[in-house]
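# Architecture and fold: a report
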Amino acid sequence: VPASFGIAWSVASRLACSVGSRTLFATHFHELTELEARLPGRVCNYHTTAELTGERLTLLYQIQKGKLSKLNSIYTSSGGSYRPPSIDSCVLTHD
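Residues numbered from 1 in each chain as written. Predicted model: local features only at pLDDT ≥ 70, side-chain atom pairs only at ≥ 80, totals over all residues. Heavy atoms only, no water.

## Quick look at the nonpolar core
If you look at soluble globular proteins, the nonpolar side chains tend to sit buried side by side. Which entries qualify depends on this criterion: What we call a nonpolar core is a set of buried Ala, Val, Leu, Ile, Met, Phe, Trp, Tyr and Cys residues that are connected through their side-chain atoms within 4.5 Å. Burial classification: accessible surface area is computed with a 1.4 Å probe over protein chains only, and a residue below 20% of its type maximum counts as buried, one above 50% as exposed, and the rest as partly exposed. The helix and strand labels rest on DSSP assignments: H or I over at least four residues marks a helix, E over at least two residues marks a strand, and numbering proceeds from the N terminus. Every residue pair with non-hydrogen atoms within 4.5 Å of one another is taken to be in contact.
Listed in full, the nine residues of the largest apolar core are Phe5, Ala8, Ala12, Ala16, Phe29, Leu32, Leu35, Leu39 and Val43. Of the residues forming this core, the biggest block, four residues, is contributed by helix α1 (residues 3-19). Sequence-distant contacts of Leu35, that is, excluding residues within four places in its chain, are made with Trp9, Ala12, Ser13 and Val43.

Structure (structure tokens):
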């Protein structure tokens, strides 16, 4: 886990517990969604919607409550022409 994850976790926790401000916290760290379970009533997960059809990724520009499934976020991040090699290994090892 990179150090930047620890920073993101600490900042989000501090904002939720100590500051209490409403904050939009956009991140690629899927693990950060666990804060909702640890801080009920203080943290709510939302995600943007997208539709993957074959190799075509369509952004639907809608926000829905809840977290995006990890596998879904892997496919969403790999849509279009950008597909780093790490995405292939994530898809192969995620079951």
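After that view, the rundown keeps rolling.
## Considering the packing of aromatic side chains
Any aromatic ring pair is given by two values, namely how distant the centres are and how the planes are angled relative to each other. Quick note on the threshold: Pairing of aromatic rings covers Phe, Tyr and the six-membered ring of Trp, with a centre-to-centre limit of 6.5 Å; geometry is then stacked below 30 degrees between planes, edge-to-face above 60, and tilted otherwise.
Throughout the structure, instances matching the rule amount to two aromatic pairs. Consider the rings of Phe5 and Trp9, whose centres lie 5.8 Å apart with planes at 50 degrees: the pair is tilted. With a gap of four residues between them, Phe5 and Trp9 both fall in helix α1, about one helical turn apart. Phe5 sits in the buried class, given a relative accessible area of 15%. With centroids separated by 5.4 Å and ring planes inclined at 75 degrees, the aromatic side chains of Phe5 and Phe29 adopt a geometry described as edge-to-face. Of this pair, Phe5 sits in helix α1 while Phe29 sits in the loop between α1 and α2 (35-38), and the two are 24 residues apart along the sequence.

## Some words on the side chain of Ser13
Examined against the element boundaries, Ser13 turns out to sit in helix α1. When sequence neighbours within four positions are dropped, the list of residues in contact with Ser13 reads Ser18, Leu35 and Leu39.

## What to know about α1
So the rule is basically this: Every helix has an expected span of 1.5 Å times one less than the residues it contains. Arc definition: it is the arc formed by the directions from the helix axis to the C-beta atoms.
Compared with the 24 Å implied by 1.5 Å per residue over 17 residues, the 23 Å span of α1 between its first and last C-alpha is a close match. Among all positions of α1, only Phe5, Ala8, Ala12, Ser13 and Ala16 are buried. Projected down its long axis, α1 shows its buried positions confined to an angular sector of 120 degrees, all on one face. Residues of α1 that are exposed and point more than 90 degrees away from the buried face comprise Ala3, Ile7, Arg14 and Val19. Looking at the packing, one finds that the buried side of α1 touches α2. Where α1 ends, the next residue or the one after it, Gly20, has phi of about 75 degrees, a positive value.

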